[in-house]
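Spelled out, the chains give:
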Amino acid sequence: MRKKIVAGNWKMNKNSSETADLLTQLMSKIPDTTAEVMVSPTFVNLAEAVKQLADSSIEVVAQNMHFAEKGAYTGEISSNMLQSIGIETVILGHSERRAYFGEDDALLAKKVDAALKANMRVILCFGEELQDRKGGDHFKVVESQLKNGLFHVDKSQWGKIVLAYEPVWAIGTGETASPEQAQEMHAFIRETIAAAYDQDTAQIVTILYGGSVKPANANEIFSKPDVDGGLIGGAALVADDFAAIVAAI
Ligand code: PEP
């Protein structure tokens with residue numbers, strides 16, 4: 001049975017007191033669930049968030065990390081630094097990191113390796129842009145992101161991998177991939193993994209959908225057989241909305 005996950009990507013939102021407020025609300029509003037629930041405050045608020053959620057089942061995860069263990073990389077954060085404050089999961093390859101910070105598949109492959117070497121769990125994001133979908137290239141683009149960023153990873157490490165399919169045209173736009181489009185791509189992702197590895201690996205990996213998931217559409221998206229949860233942006237910043245999305249899983 002695959003793990004279900006609902007993860008909030010807070011991006012560059014919420015200062016220290018706002019973070020504490022939102023976490024307090026989430027602790028009281030998130031319903032009991034067998035799914036894993038994650039939140040990702042900004043780096044400067046991670047340590048406090050870990051302390052605040054110490055007795056909660058909500059996991060605090062990071063939005064990014066560097067591939068090096070330490071050294072002359074001004075402004076960067078390593079796996080060791082994250083683990084030293086209790087963070088064991090990192091989101092990598094979000095489309096905003098790819099678009100605004102030049103992160104490509106080759107760099108992401110190094111980050112994936114660094115996280116796995118540290119025994120961290122990776123949520124790897126990928127997805128096509130609007131022009132790819134319009135041109136009918138979305139499957140090709142996703143396949144190439146997976147091959148170049150992830151498929152060098154040994155099969156034994158896949159227990160630490162979570163995938164997040166996020167069509168770029170649906171992120172923060174209010175435009176959601178239809179549940180059928182999400183299902184079609186998630187099924188394709190599993191086929192691609194099965195071809196590169198095997199059916200067991202393909203069937204066990206959790207694949208999240210991300211892109212304008214809201215309380216109003218979460219039920220329908222999560223009802224699709226190959227959608228194992230969501231990576232939530234805007235709606236993760238509103239306690240009632242995030243709680244409703246968790247309830248939908
Ligand atoms: C995201 O940033 O990962 C995301 C899915 O954002 P939104 O839900 O706001 O589209």
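Cut-offs and rules
- Residues numbered from 1 in each chain as written.
- Predicted model: local features only at pLDDT ≥ 70, side-chain atom pairs only at ≥ 80, totals over all residues.
- Heavy atoms only, no water.
- Axes fitted to C-alpha atoms, helices over the stretch in contact; angles between N-to-C directions.
- Helix = DSSP H or I, 4+ residues; strand = E, 2+ residues; numbered from the N terminus.
- Left-handed = near helix turned anticlockwise from the far one by under 90°.
- Contact = heavy atoms within 4.5 Å.
- Salt bridge = Lys/Arg side-chain N within 4 Å of Asp/Glu carboxyl O.
- Buried < 20%, exposed > 50% of the residue type's maximum accessible area, 1.4 Å probe, protein only.
- Near = heavy atom within 4 Å.
- Polar contact = N/O pair within 3.5 Å; in protein donor to acceptor, adjacent residues only side chain to side chain.
- Areas by Shrake-Rupley, 256 points an atom, 1.4 Å probe, with all protein chains shown as cover.
- Nonpolar A, V, L, I, M, F, W, Y, C, P; charged D, E, K, R; others polar.
- Core = buried A, V, L, I, M, F, W, Y, C linked by side-chain atoms within 4.5 Å.
- Pairing = 2+ DSSP bridges.

A.B. asks: Just give me the short version of the packing of helix α1 (residues 16-29) against helix α11 (residues 239-248), but keep the residues and values in it.
C.D. replies: Relative orientation of the contacting elements α1 and α11 amounts to 35°, with a least axis distance of 9 Å. Here α1 and α11 pass one another in a crossing that is right-handed. Contacts between α1 and α11 involve Leu22, Gln25, Leu26 and Lys29 from the first element and Ala239, Asp240, Phe242 and Ala243 from the second.

A.B. asks: Residues and numbers for the pattern of salt bridges, please.
C.D. replies: Within the structure shown, the criterion is met by 18 salt bridges. For Asp228, the salt bridge goes to Arg2, with nearest N and O atoms at 2.9 Å. Of this pair, Asp228 sits in the loop between α10 (215-222) and β8 (229-232) while Arg2 sits in the segment before β1 (5-9), and the two are 226 residues apart along the sequence. Considered together, Asp228 and Arg2 belong to a single accessibility category, that of buried residues. Overlapping salt bridges bring together Arg2, Arg190, Asp226 and Asp228 as one network.

A.B. asks: Which residues make up the site of the ligand, and what are the values?
C.D. replies: Lys11, Glu166, Gly172, Ser212 and Gly234 are the nearest of the 14 residues found near the ligand. One of the side-chain N or O atoms of His94 is found 2.8 Å from an oxygen atom in the ligand. A distance of 2.7 Å is found between an oxygen atom of the ligand and a backbone nitrogen or oxygen belonging to Ser212. Notes on the ligand: free accessible area 300 Å², of which the protein chains cover 98%. Grouping the constituent residues of the shell around the ligand by class yields 4 nonpolar, 8 polar and 2 charged.

A.B. asks: Now, about the nonpolar core: what can you tell me, with residues and values included?
C.D. replies: Judged by nonpolar contacts, the single largest core of 66 residues is most densely connected at Leu26, Leu150, Trp158, Leu163, Ile189 and Phe242. Contact partners of Phe242, with chain neighbours within four places excluded, come to Val6, Ala7, Gly8, Leu26, Ile30, Val37, Met38, Val39, Ile232, Ala235 and Ala236. Of all hydrophobic cores here, the second largest spans 11 residues; its members include Ala7, Met38, Ile123 and Ala164.

A.B. asks: Lay out the sheet that holds strand β5 (residues 121-126) in plain terms, naming residues and giving numbers.
C.D. replies: Either a parallel or an antiparallel arrangement is found when strands of a sheet pair, and the pairing is made through backbone hydrogen bonds. Strand order in the open sheet formed by 8 strands is β3-β2-β1-β8-β7-β6-β5-β4, and the pairing between neighbours is parallel. Single-partner strands in this sheet number two, and they are β3 (59-60) and β4 (89-92).

A.B. asks: Residues and numbers for the pairing of strand β7 (residues 206-210), please.
C.D. replies: Of all 5 residues in β7, 5 are buried; the element is thus mostly enclosed. Side chains Thr206, Leu208 and Gly210 of β7 all project onto a buried face; the interleaved residues Ile207 and Tyr209 project onto the opposite face, where all are buried too. Here strand β6 (residues 161-165) pairs with β7 via 4 bridges, running parallel. Bridge pairing in β7 links Ala164 to Leu208. Sheet analysis places β7 next to β8, joined by 2 bridges and oriented parallel. Its bridge partner being in β8, Gly210 is matched across the sheet by Leu231.

A.B. asks: A description of unusual backbone geometry should follow, citing residues and the corresponding values.
C.D. replies: Here Lys11, not a glycine, exhibits a phi torsion of approximately 55°, which is positive. Along the chain, Lys11 falls in the loop between β1 and α1. For Ser212, which is not a glycine, the phi torsion comes out positive at approximately 55°. Of the residues examined, Ser212 reaches a relative accessible area of 10% and is grouped as buried.

A.B. asks: Tell me about the side chain of Ser79, residues and numbers included.
C.D. replies: Summarising the element assignment, Ser79 is placed in helix α3 (residues 79-84). The residues touching Ser79, leaving out its near neighbours within four places in the chain, are Met65, Ala114, Ala118 and Met120.

By themselves, these figures tell us nothing about what the structure is for.
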